2 protein chains.
Amino acid sequence: MDRRKRAEKARIAFTTCACHHIRKASRALTQFYDEKLRPSGLRVTQFNILGAALALEPVTISRLAEAIVTDRTTLTRNLRLLEKHGLIRLTAGKDRRQREITVTADGRRALAKAYPLWREAQVHILSALGPKRWQRLLGELSTLVSLTRQE
Amino acid sequence: MDRRKRAEKARIAFTTCACHHIRKASRALTQFYDEKLRPSGLRVTQFNILGAALALEPVTISRLAEAIVTDRTTLTRNLRLLEKHGLIRLTAGKDRRQREITVTADGRRALAKAYPLWREAQVHILSALGPKRWQRLLGELSTLVSLTRQE
DNA sequence: TGAAATTGCGAGTATATACACTGTTTTCTC
DNA sequence: GAGAAAACAGTGTATATACTCGCAATTTCA
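In this convention, every chain numbers its residues from 1, walking through the sequence in written order. Chains and ligands are labelled by the order in which they are written, letters from A for the one and numbers from 1 for the other. Per-residue local features are limited, in this predicted model, to residues with pLDDT of at least 70; the limit for side-chain atom pairs, both in listing and counting, is 80 or more; totals at the level of whole chains, interfaces and linings are taken over all residues. With hydrogens and water excluded, all non-hydrogen atoms of the structure serve as input to the side-chain values.

Observations regarding the protein's contact with DNA strand D
Lining the immediate surroundings of DNA strand D are 29 residues, of which B:Arg23, B:Gln31, B:Ser62, B:Arg80 and B:Arg99 lie closest. If a single non-hydrogen atom of a residue is within 4 Å of a molecule or strand, that residue counts as near it. Counting only the atoms of DNA strand D that lie within 4 Å of the protein, the sugar and phosphate share comes to 64%. The separation between a phosphate oxygen of DNA strand D and a polar side-chain atom of B:Arg27 is 3.1 Å. In protein, a polar contact requires one atom able to donate a hydrogen and another able to accept it; more generally it is a pair of N or O atoms within 3.5 Å, and residues adjacent in sequence count only if both atoms are side-chain atoms. A distance of 3.5 Å separates a phosphate oxygen of DNA strand D from a polar backbone atom of B:Ile61. A run of H or I in DSSP becomes a helix once it reaches four residues, and a run of E becomes a strand once it reaches two; helices and strands are each numbered from the N terminus. Of all elements in the fold, only helix H3 (44-56) and helix H5 (72-84) of chain A together with helix H2 (18-37), helix H4 (61-68) and helix H5 (72-84) of chain B reach the threshold of two or more residues within the surface near DNA strand D. Taken together, the residues of the surface near DNA strand D break down into two nonpolar, 12 polar and 15 charged. The residue classification treats Ala, Val, Leu, Ile, Met, Phe, Trp, Tyr, Cys and Pro as nonpolar and Asp, Glu, Lys and Arg as charged. All others, Gly included, are polar.

Observations concerning the nonpolar core
Core analysis: the biggest nonpolar cluster contains 100 residues, and A:Tyr33, A:Leu64, B:Tyr33 and B:Leu64 have the highest contact counts within it. The contact criterion used is simple: two residues touch if any of their non-hydrogen atoms lie within 4.5 Å. Beyond its immediate chain neighbours, meaning those up to four positions away, B:Leu64 contacts B:Ile49, B:Ala52, B:Ala53, B:Leu56, B:Val59, B:Leu75, B:Leu79 and B:Ile101. Note on terminology: a nonpolar core comprises buried Ala, Val, Leu, Ile, Met, Phe, Trp, Tyr and Cys residues joined through side-chain atoms within 4.5 Å. Think of it in three bands: residues with accessible area under 20% of the maximum for their type are buried, residues over 50% are exposed, and the middle band is partly exposed, with areas taken using a 1.4 Å probe on protein chains only.

What about the sheet that holds strand S3 (residues 99-103) of chain A?
Residues and elements named next belong to chain A. At least two bridges found by DSSP between two strands are what make those strands a pair. The strand order across the open sheet built from three strands is S1-S3-S2, with neighbouring strands paired in antiparallel fashion. Lying at the two open borders of the sheet, with one neighbouring strand each, are strand S1 (59-60) and strand S2 (88-92). Structural elements are reduced to axes, namely lines fitted to C-alpha atoms, with helices fitted over the stretch in contact, and the angle between N-to-C directions of any two is expressed from 0 to 180 degrees. Where H3 meets the sheet, its contacts fall on S1, S2 and S3, and the angle it forms with S3 comes to roughly 100°.

A few points about the relation of the copies chain B and chain A
Residues reaching a pLDDT of at least 70 in both copies supply the C-alpha atoms on which the copies are superposed by least squares. Note on the copies: chain B fits chain A at an RMSD of 0.1 Å, the axial shift is 0.0 Å, and the rotation between them is 180°. Both copies are brought into coincidence by an operation consistent with a two-fold rotation axis.

Some points on the packing of aromatic side chains
In summary, the pairing rule links any two rings of Phe, Tyr or Trp, Trp by its six-membered ring, whose centres are within 6.5 Å, and it sorts them by plane angle into stacked for under 30 degrees, edge-to-face for over 60 and tilted for everything else. Inspection of the entire model under this criterion finds six aromatic pairs over all chains. Between B:Tyr115 and B:Trp118 the ring centres are 5.6 Å apart and the planes differ by 40°, which places this aromatic pair in the tilted class. Of the two residues, B:Tyr115 and B:Trp118 are both situated in helix H6 (residues 105-129); the distance of three residues between them amounts to about one turn of the helix. For B:Trp118, a relative accessible area of 1% translates into the label buried. Within the aromatic cluster, the residues linked to one another by ring pairs are A:Phe47, A:Tyr115 and A:Trp118.

A few points about the sheet that holds strand S2 (residues 88-92) of chain B
Residues and elements named next belong to chain B. The antiparallel open sheet is built from three strands, whose spatial order is S1-S3-S2. Lying at the two open borders of the sheet, with one neighbouring strand each, are strand S1 (59-60) and S2. Pairing of S2 with strand S3 (residues 99-103) involves five bridges; the strand directions are antiparallel. Bridge pairing in S3 links leucine 90 to isoleucine 101.

A closer look at the side chain of B:Asp34
Along the chain, the position of B:Asp34 falls in helix H2. A polar contact of 2.8 Å, which involves the side chain of B:Asp34, links it to the backbone nitrogen of B:Val44.

Topic: the interface of chain B and chain A
Facing the 63 residues of chain B at the interface are 63 residues of chain A. For any pair of parts, buried area is found by adding up, for both, the accessible area (1.4 Å probe) each one loses once the two are put together. At the boundary of chain B with chain A, total buried surface from both sides reaches about 6,200 Å², with 69% on carbon and sulfur atoms. A side-chain nitrogen of Lys or Arg and a carboxyl oxygen of Asp or Glu constitute a salt bridge if their distance falls within 4 Å. Across the chain B-chain A interface, the total number found is two salt bridges. Remark: the boundary between chain B and chain A carries 18 residue pairs in polar contact (both at pLDDT 80 or more). Those elements that place two or more of their residues in the side of chain B that touches chain A are helix H1 (3-16), H2, helix H3 (44-56), H4, H6 and helix H7 (131-147) of chain B. The residue inventory of the side of chain B that touches chain A, partitioned by class, reads 35 nonpolar, 14 polar and 14 charged.

By themselves, these are just geometric observations and shouldn't be taken as functional.
As C-alpha cells, then:
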C-alpha cells in the first residue's frame, strides 16, 4: 500500500471511529459536570458512585460494580478514596468474603450539597436536547453497551 | 429532607445522569475496541492518536490536541508513550516553542497491522446500528460536545 | 466429608485524563 | 527596542480505568 492510501485509511479511522467519538463526548461531559460540581468537592464519578451506593445500600462491591457497569477493581480503588474522605464505610458482611458499603452521614451531606449543582449541569444538557432526543440518545447508548457485551 | 427523599434523589441522579451514561458507554466501547485491537499491541486511544498524527503530520502538539479534542497535557503524556515505543518522533519546529510530531516507519507498520482489527470492531458496531441511526448518534454526540463548550 | 470449582476481593502494573503551575520563546505595543 | 502579552510546551499531583495474578471463603459434588 502506498503512502497516500495509508494516510487516507488513517484519516478515515480517526474521523469515523465510534469509540473515539464516544470517548470525546465522555471527556467533554465529564469536564462540564466536574466544573459544575466543583464547589461540592465531589467529582461526577464520585457523585455517581456515592448516589448509587446510597440507593442500593447496603451493597457489596461486586454488586455495585455490576450496577454501574464498572470494573470491580476500578470500583475498589474509587471506593477507597470515598472511604478516605469519610463518605462511605466498608464493613465485613456475613459472608466473610464480602465487603458491604454504607454511606456515612458525611456522605449523605456531601450528596445533598452536590445534588443541586448536578441538577444544574443535567438541566443544561437535557433542556437543550429536549426529552425526545434525550430518550432516544439514552436508548442508543444502552444499545452500544449491549453490543459490546454479547459475544 | 428525610432519609427516604434523599435516597430517592440519589436514585434519580444515578439512573438519569447524562454523564454517567456516556461514561458507561465509553468504558464499554473502549474495552470492546481494546480487546479487538489486542493482537496489534495498540490500544484504541493509541490507534486514534497515531492515526490522527499520520493524517495531519507534521503537526504540533497543540494542533493535534485540538483536532482530537483532548487536553494538551494529556496528549503530551500519551505521545511520550508512543515515542518510547518508537512509533512517533518528536522534533523541534522552526518556532522553537513548538514540537512537531511525525509518525515513524514502525508507527505506520503498527497502524497498518491494527487497521483491519479496528475495522472489525467498527463494523460490528456500525452494522448493528445501521447507517441512519449511526449518523444520528454521531450528530447527538457532537451536540453534546458543543453544549459543554459554549458558556 | 474432602477435593474441586466458584465466588469475592485486593495488589501490581500500566494507561488515560486533566487542573494548576512554571518556563521559554515569540509577538505585540508604545 | 524594551517591556508586556500571548503562545507553546512540560511537570506535579490527583483521579479514573482495567488487566493479570493471587488469596481466602464458600459452595458443589463425587
